[in-house]
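Remarks on the overall topology
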Amino acid sequence: MTADNTNNLYFFAILPPYNIAAELNEFKTEFAEKYKSLKALKSPPHITVIPPFFANDTFEQSIEPKVNAFVKNCPHISIKLNGFGQFNHKVIFVELEKNADLETFYNGFSAFFTSFGFEITAMSKFFHPHVTVAFRDLSPENFKRSWPQFETREYKNYFSAVSIHLLKHRDD
């Protein structure tokens, strides 16, 4: 599918339960207040499974029952959050412990998603599940200030993922 002005930007993600999302939002708020990194606050805490793609408005209604049927046949996935990581000195995230069940789900859901004619770019095929707490608007200076604080900070939690959500990017 190609992008045009009538399409919206979507992605599929696993959302943690409310209590864990609240903890993750505290990290995002800390980055916003102390380090001026605000963009991570625009979306709920999540683990991206299918990266952003364009689709029209009717996609939401047509895909929902198909996704529900797919997920109904999948086992729950144990998600273990453990510490912090970073990408390219620009993004800081909560790390997930390596998880064969999540990898299997990703591979199956990716095949399911591409069966509808969507493509997953080569860069996006690299699956590194995580929960972003500071986005690319984290300045190099603030990365240098914040990373030593988070590199060794302990954070552990776990939950059972039971569904996947279609999220729509907001323009604001």
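In case you missed it, the structure is sitting above this.
Residues numbered from 1 in each chain as written. Predicted model: local features only at pLDDT ≥ 70, side-chain atom pairs only at ≥ 80, totals over all residues. Heavy atoms only, no water.

1. What about the overall build of the protein?
Worth spelling out the cut-off: Numbering of helices and strands starts at the N terminus; helices are DSSP runs of H or I of at least 4 residues and strands are runs of E of at least 2. In this setup the radius of gyration rests on C-alpha atoms only. A globule is expected at 2.2 Å times the number of residues raised to 0.38. For each residue, the accessible area found with a 1.4 Å probe, counting protein chains only, is set against the maximum for its type, and the residue is called buried under 20%, exposed over 50%, and partly exposed in between. Contacts: residue pairs with any heavy atoms within 4.5 Å of one another. The accessible surface values rely on the Shrake-Rupley method and a 1.4 Å probe; as for residues, cover is taken only from the protein chains in view.
The secondary structure content of the protein amounts to four helices and seven strands. A compact globule built from 172 residues should have a C-alpha radius of gyration of about 16 Å, and the protein, at 16 Å, falls within 12% of that. Within the protein, buried positions represent 41% of all 172 residues. Restricting the contact set of the protein to residue pairs at least 6 apart, pairs at least 24 apart contribute 83%. If you sum the accessible surface of the protein, you get close to 10,200 Å²; carbon and sulfur atoms cover 53% of it.

2. Here's the deal with unusual backbone geometry
With a phi angle near 60 degrees, Lys36 is a residue other than glycine that sits in the positive phi range. Positionally, Lys36 belongs in the loop between helix H1 (18–35) and strand E2 (47–55). For Asn88, which is not glycine, the phi dihedral falls at a positive 50 degrees. Within the secondary structure, Asn88 is located in the loop between strand E3 (77–87) and strand E4 (91–96).

3. Quick word on the sheet that holds E4
Rules: Two strands qualify as a pair provided DSSP detects at least 2 bridges between them. Only the stretch in contact is used when a helix axis is fitted, and all axes are lines through C-alpha atoms; the angle between N-to-C directions ranges over 0 to 180 degrees.
Spatially, the four strands line up as an open sheet ordered E5-E4-E3-E6, and their pairing is antiparallel. Strands with a single pairing partner mark the edges of an open sheet, and in this sheet they are strand E5 (130–134) and strand E6 (156–161). This sheet shows a mean twist of 35 degrees between the axes of neighbouring strands, independent of strand direction. One ladder, built from five bridges, connects E3 with E4; its direction is antiparallel. Its bridge partner lying in E4, Phe87 is registered against Val91. In this fold helix H4 (residues 140–151) packs onto E3 and E4, with an angle of close to 140 degrees to the strand it touches most, E3.

Interpretation in functional terms is not warranted from these geometric data alone.
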